[in-house]
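The primary structure of each chain is shown beneath.
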Amino acid sequence: MDRPLTEVERNVLSAMLDRPFPGAPQLRAQLATARVVGQCHCGCPTVDLAVDVTLPTAVVDSRIPVEAAVPDGGLILFVEEGRLSSLEYYHLAEDPPPYFPAPDQLRFT
Ligand SMILES: [Zn+2]
């Protein structure tokens, strides 16, 4: 799999990376080049990301310090070796949610 981000994916990632934290500027620059290179097989919208490897890396250890909660779960943005790695939608509902929530549904903690 290698495809552009959907508009929803891009909007959710933008909203998470608009929060102030160390490394956010580098990750925002990477987001402009991000592509989806894998997807969870359980039916949820979790995606693996790849970015332009020539861009500066971010000093972020394993995941950004921002959690975006939604009523039935939340989103976690993982970083590997300073690069955007995957966007996970963890959920408490029995059936996986098919789509990422709209950015205005996210509550940041
Ligand atoms: Zn899944």
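Check the entry above for the structure.
Residues numbered from 1 in each chain as written. Predicted model: local features only at pLDDT ≥ 70, side-chain atom pairs only at ≥ 80, totals over all residues. Heavy atoms only, no water.

Moving on, we come to helix H2 (residues 24-31). Taken residue by residue, H2 has Ala24, Leu27, Gln30 and Leu31 as its buried positions. Buried residues along H2 cover an arc of 120° about the axis, so they all sit on one side. (Buried < 20%, exposed > 50% of the residue type's maximum accessible area, 1.4 Å probe, protein only. Helix = DSSP H or I, 4+ residues; strand = E, 2+ residues; numbered from the N terminus. Arc of directions from axis to C-beta.)

What follows deals with the pattern of salt bridges. Per the stated rule, a full pass over the model turns up three salt bridges. One salt bridge connects arginine 3 with glutamate 9, and the closest N-O pair in it is separated by 2.9 Å. Judged by relative accessible area, arginine 3 falls into the partly exposed class, the value being 22%. One salt bridge connects arginine 63 with glutamate 67, and the closest N-O pair in it is separated by 3.2 Å. Take arginine 63: its relative accessible area is 32%, and that puts it in the partly exposed class. (Salt bridge = Lys/Arg side-chain N within 4 Å of Asp/Glu carboxyl O.)

Right, let's get into the nonpolar core. Among the nonpolar cores identified, the biggest contains 29 residues, and Leu27, Ile64, Leu75, Leu77 and Leu87 are the most heavily contacted of them. Contributions of two or more residues to this core are made by helix H1 (7-17), H2, strand E3 (47-50), strand E4 (68-70), strand E5 (73-80) and strand E6 (83-91). Looking at which element gives the most residues to this core, the answer is H1, with five residues. (Core = buried A, V, L, I, M, F, W, Y, C linked by side-chain atoms within 4.5 Å.)

Let us look at the pairing of strand E2 (residues 35-39). Here two bridges tie strand E1 (residues 3-4) to E2, and the two strands are oriented antiparallel to one another. Following the sheet pairing, proline 4 is matched in E2 by arginine 35. Pairing of E2 with E3, which is carried by four bridges, proceeds in the antiparallel orientation. Its bridge partner lying in E3, valine 36 is registered against leucine 49. (Pairing = 2+ DSSP bridges.)

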